[in-house]
Amino acid sequence: MGNPLLRTKSPEQLVSEAEAPERKLKRSLGPIDLMALGVGATIGAGIFALTGTAAAGQQTATSGVLDTPLLGVILGQSIAGRPAAGPAIMISFVVVAVACAFAALCYSELAAMIPVAGSAYTYAYATLGEIFAWVIGWDLILEYAVGNVAVASSWSGYFVKLAYSLGFKLPLWAVNDPKTAAAILAQAAKDPSVLAPYSQTTLPIVLGHPFSLNFPAFIVVALLTWLLVYGIQESAAVNTAAVVLKTTIVVFVIAFGAFYVNPINWHPFAPNGVSGIMSGAAIVFFAFIGFDAVSTAAEESKNPQRDMPIGILGSLAICTVLYVAMSAVLTGMTSYTHFVDDSAAVATAIEVMHKPWAEALVSAGALAGMTSVLLVFQLGQPRIFMSMARDGLLPQWFSKIHPKYRTPYVTTILTGAVVGIPALFTDIGWAADLTNIGTFFAFVLVCGGVIALRRTSPDKARPFKCPWVPWFPLAGILICFTLMLSLPILTWLRFFVWMAIGMLIYWIYGRHHSALRLGPPEAVPGPKAA
């Protein structure tokens, strides 16, 4: 029967299991809803927070070899830290868009062929085998849950800015995690104006330690968790409204900011050449994460064979155009060097206009952007958990569906707790890089899965076909792996530790409870020979 770790599930088996009455989700999403989910998950913290970081680079007094991209070490790069992309951040976005386009074509083929919740996890189970499915399922936690902790913290920061611009102040200790609060107080010694948005700037002492919690981050996650339990259609409506708002504001920044562009700011265009462009691409990839989240809603799509490719490819195209235009305007409005250590590049660039109402509008757009990212990722992670539980790799209670709302309420509440509670007291500054490497790895396996399924099941119906197989998937693998090498060595070490923990869980629990392993022999097909 072959290696039990490489046993696969046929697409037909996956679809029939998902259609069982006790597992069936409510199908209510059309192509516009799916495209809005993709844009909702994509335009958010990346464009509002990381564009400046990628353009200006990251070189600090504490930067060492572990903070240097692995590719830089291979090429003998002498800069400790991450080289600046400069105005060439525009090219960085194009590089990432090309990588994502190859991956999106592969996602579209598999999503139309296997319209089941679970995204890359399900596709790996159908193409590469159980062990690869577990690896990618565990890996996707980095993309969805871990990344959302950082997004929730960023949401809180923009919430404070918006409240201040509207005349409201909140206590420092109630809107920041302890590390961020301490950093703000330290910065205030040099620049007292950073304390202006806060009504109270002293931290209460609890059990001999300064007390500070990020309540806005927790509250927004809790509210979105309730909404997702209540219903997919209602969640999609809220997401669509947020998408319209944030897209309108992004277009406003591009159109209005274009009048403030000074071409002199685009020189030098690429201060660190290819190394800076690729390093910038590895950073801003976080801005593209999300289009693949469309595939997690396959079981809730009215016509997945037609609409999944539209949702995935359409949202990627929209975001690429907006990103390239936005990065051109931002680096044209002010020198990229002004974005050093700046996590709010859009707000910094808008200051050039000297219009407070514009700054408030940008804060509102950032809030809408991050809200929709939180919503879509909080939607995606529970469905991946649900799919893994259906296959026996996680306990069965992970797969429970609400009898009235037909949503995976247990895993939705669990994901809310996993994201909301850490967001109260920690700001995972390295979460973006860890999320990026996890997503790159998922893209590599999805591209490989298309090649594998074309060889093992060449005659199966494919409502959408990725063109030029195997060359397009191979190009996606090559570009994604190159971008993985452009991430810091420390990120690689953290990634290996995370995956090692996942393998330990699979070895102790997953492989012993696998539905394929425990099921009847005739229901457990082995991999076909190439």
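From a predicted model like this one, the values you see are computed outputs, not experimental measurements.

## Here's the deal with the overall build of the protein
Right, on to step 1. When helices and strands are counted, the protein shows 19 helices and two strands.
Right, on to step 2. Over its C-alpha atoms the protein spans a radius of gyration of 23 Å, differing by no more than 12% from the 24 Å that the globule rule assigns to 530 residues.
Right, on to step 3. Summarising its shape, the C-alpha atoms of the protein cover approximately 70 × 50 × 40 Å along the three principal directions.
Right, on to step 4. Going through the 530 residues of the protein one by one, you find that 58% of them count as buried.
Right, on to step 5. Summarising the internal contacts of the protein: among those between residues at least 6 apart in sequence, 83% fall at separations of at least 24.
Right, on to step 6. Surface summary for the protein: the accessible area is close to 20200 Å², and the carbon and sulfur share equals 70%.
Right, on to step 7. Where the 29 positive side-chain charges of the protein centre and where its 26 negative ones centre are 5 Å apart.

## Observations regarding the pattern of salt bridges
Oppositely charged side chains are able to pair whenever their charged atoms sit close together.
Right, on to step 1. Overall, the coordinates contain eight salt bridges when judged by the stated rule.
Right, on to step 2. With its nearest N and O atoms 2.8 Å apart, the salt bridge here joins Arg 454 to Glu 109. Of the two residues, Arg 454 is situated in helix H16 (residues 431–456) and Glu 109 in helix H5 (residues 89–113); the sequence distance between them amounts to 345 residues.
Right, on to step 3. Under the relative-accessibility criterion, Arg 454 is labelled partly exposed at 22%.
Right, on to step 4. The class for Glu 109 is buried, based on a relative accessible area of 0%.
Right, on to step 5. Between Arg 462 and Glu 109 there is a salt bridge, and its shortest N-O distance comes to 3.1 Å. Taken together, the residues Arg 462 in the loop between H16 and helix H17 (471–485) and Glu 109 in helix H5 connect sequence positions 353 residues apart.
Right, on to step 6. When salt bridges with common partners are traced through the structure, they connect Lys 9, Glu 17 and Asp 391 into a single cluster.

## A look at the environment of Phe 168
Right, on to step 1. With respect to the helices, strands and loops of the structure, Phe 168 is situated in the loop between helix H7 (130–165) and helix H8 (178–188).
Right, on to step 2. Along the chain, Phe 168 and Ser 199 lie 31 residues apart, while their C-alpha atoms are 8.5 Å from each other.
Right, on to step 3. Once residues within four sequence positions are removed from consideration, Phe 168 is found in contact with Ala 163 and Pro 197.

## What about the environment of Cys 447?
Right, on to step 1. Here Cys 447 shows up in helix H16.
Right, on to step 2. Taking the C-alpha atoms as reference points, Cys 447 and Lys 460, 13 residues apart in sequence, are found 18 Å from one another.
Right, on to step 3. Once residues lying within four places of it in the same chain are set aside, the contact partners of Cys 447 are Phe 102, Ala 103, Cys 106, Pro 473, Gly 476 and Ile 477.

## Considerations on the packing of aromatic side chains
Right, on to step 1. A full pass over the atoms with the stated rule returns 26 aromatic pairs.
Right, on to step 2. For the pair Trp 155 and Phe 159, a centre-to-centre distance of 5.3 Å together with 10° between the ring planes defines the contact as stacked. Here the residue Trp 155 and the residue Phe 159 both occupy positions in helix H7, the gap between them amounting to four residues, near one helical turn.
Right, on to step 3. Residues Trp 397 and Phe 398 carry aromatic rings whose centres are separated by 4.2 Å and whose planes lie at 35° to one another, so their mutual orientation is tilted.
Right, on to step 4. With a relative accessible area of 9%, Phe 398 lands in the buried category.
Right, on to step 5. Put simply, the rings of Tyr 107, Tyr 123, Phe 285, Phe 440 and Phe 443 touch in pairs and so form one group of aromatic residues.
Right, on to step 6. Above the face of the Tyr 158 ring, Lys 161 is positioned so that its terminal group lies 5.1 Å from the ring centre.

## Things to note about the confidence of the model for the protein
Right, on to step 1. Overall, the prediction assigns the protein a mean pLDDT of 84, with 91% of residues at 70 or greater.
Right, on to step 2. Within the protein, helix H4 (residues 70–74) has the poorest average pLDDT of any element, 68, and helix H9 (residues 215–230) the best, 94.
Right, on to step 3. The model gives residues 521–530 a pLDDT under 50, and that stretch makes 14 contacts with residues more than four places away or in other chains.

## Here we look at unusual backbone geometry
Right, on to step 1. A cis amide bond links His 267 to the next residue, Pro 268, at an omega of -5°.
Right, on to step 2. Here Pro 268 is to be found in the loop between helix H10 (232–257) and helix H11 (273–284).
Right, on to step 3. The omega torsion of the bond from Val 469 to Pro 470 falls at 15°, within 30 degrees of zero and hence cis.
Right, on to step 4. Tracing the chain through its elements places Pro 470 in the loop between H16 and H17.
Right, on to step 5. With a phi angle near 55°, Arg 406 is a residue other than glycine that sits in the positive phi range.
Right, on to step 6. Take Arg 406: it is sitting in the loop between helix H14 (356–390) and helix H15 (409–425).

## What about a nonpolar patch on the surface?
Right, on to step 1. On the surface, Phe 215, Phe 218, Ile 219, Leu 223, Ile 421 and Phe 425 cluster together to form a nonpolar patch covering roughly 540 Å² of accessible area.
Right, on to step 2. Elements that contribute at least two residues to the nonpolar patch include exactly H9 and H15.
Right, on to step 3. Per-element tally for the nonpolar patch: the top contributor is H9, with four residues.
Right, on to step 4. For Ile 421, the position within the fold is in helix H15.

## A word on the side chain of Glu 299
Right, on to step 1. The residue Glu 299 is located in the loop between H11 and helix H12 (304–333) in this model.
Right, on to step 2. At 2.8 Å, the side chain of Glu 299 and the side chain of Arg 390 are in polar contact.
Right, on to step 3. Setting aside chain neighbours within four positions, we find Glu 299 in contact with Ala 18, Arg 23, Leu 25, Lys 26, Arg 27, Pro 115, Val 116, Ala 117 and Arg 390.

So, how was this worked out
- Residues numbered from 1 in each chain as written.
- Predicted model: local features only at pLDDT ≥ 70, side-chain atom pairs only at ≥ 80, totals over all residues.
- Heavy atoms only, no water.
- Helix = DSSP H or I, 4+ residues; strand = E, 2+ residues; numbered from the N terminus.
- Rg over C-alpha atoms; globule rule 2.2 N^0.38 Å.
- Buried < 20%, exposed > 50% of the residue type's maximum accessible area, 1.4 Å probe, protein only.
- Contact = heavy atoms within 4.5 Å.
- Areas by Shrake-Rupley, 256 points an atom, 1.4 Å probe, with all protein chains shown as cover.
- Lys, Arg positive; Asp, Glu negative; His and termini not counted.
- Charge placed at Lys NZ, Arg CZ, Asp CG, Glu CD.
- Salt bridge = Lys/Arg side-chain N within 4 Å of Asp/Glu carboxyl O.
- Phe/Tyr/Trp six-rings, centres within 6.5 Å; stacked < 30°, edge-to-face > 60°.
- Lys NZ or Arg CZ within 6 Å of the ring centre and 35° of its normal.
- pLDDT = per-residue confidence, 0-100.
- Patch = residues over 30% accessible without salt bridge, like charges linked within 9 Å, V, L, I, M, F, W, Y side chains within 5 Å.
- Polar contact = N/O pair within 3.5 Å; in protein donor to acceptor, adjacent residues only side chain to side chain.

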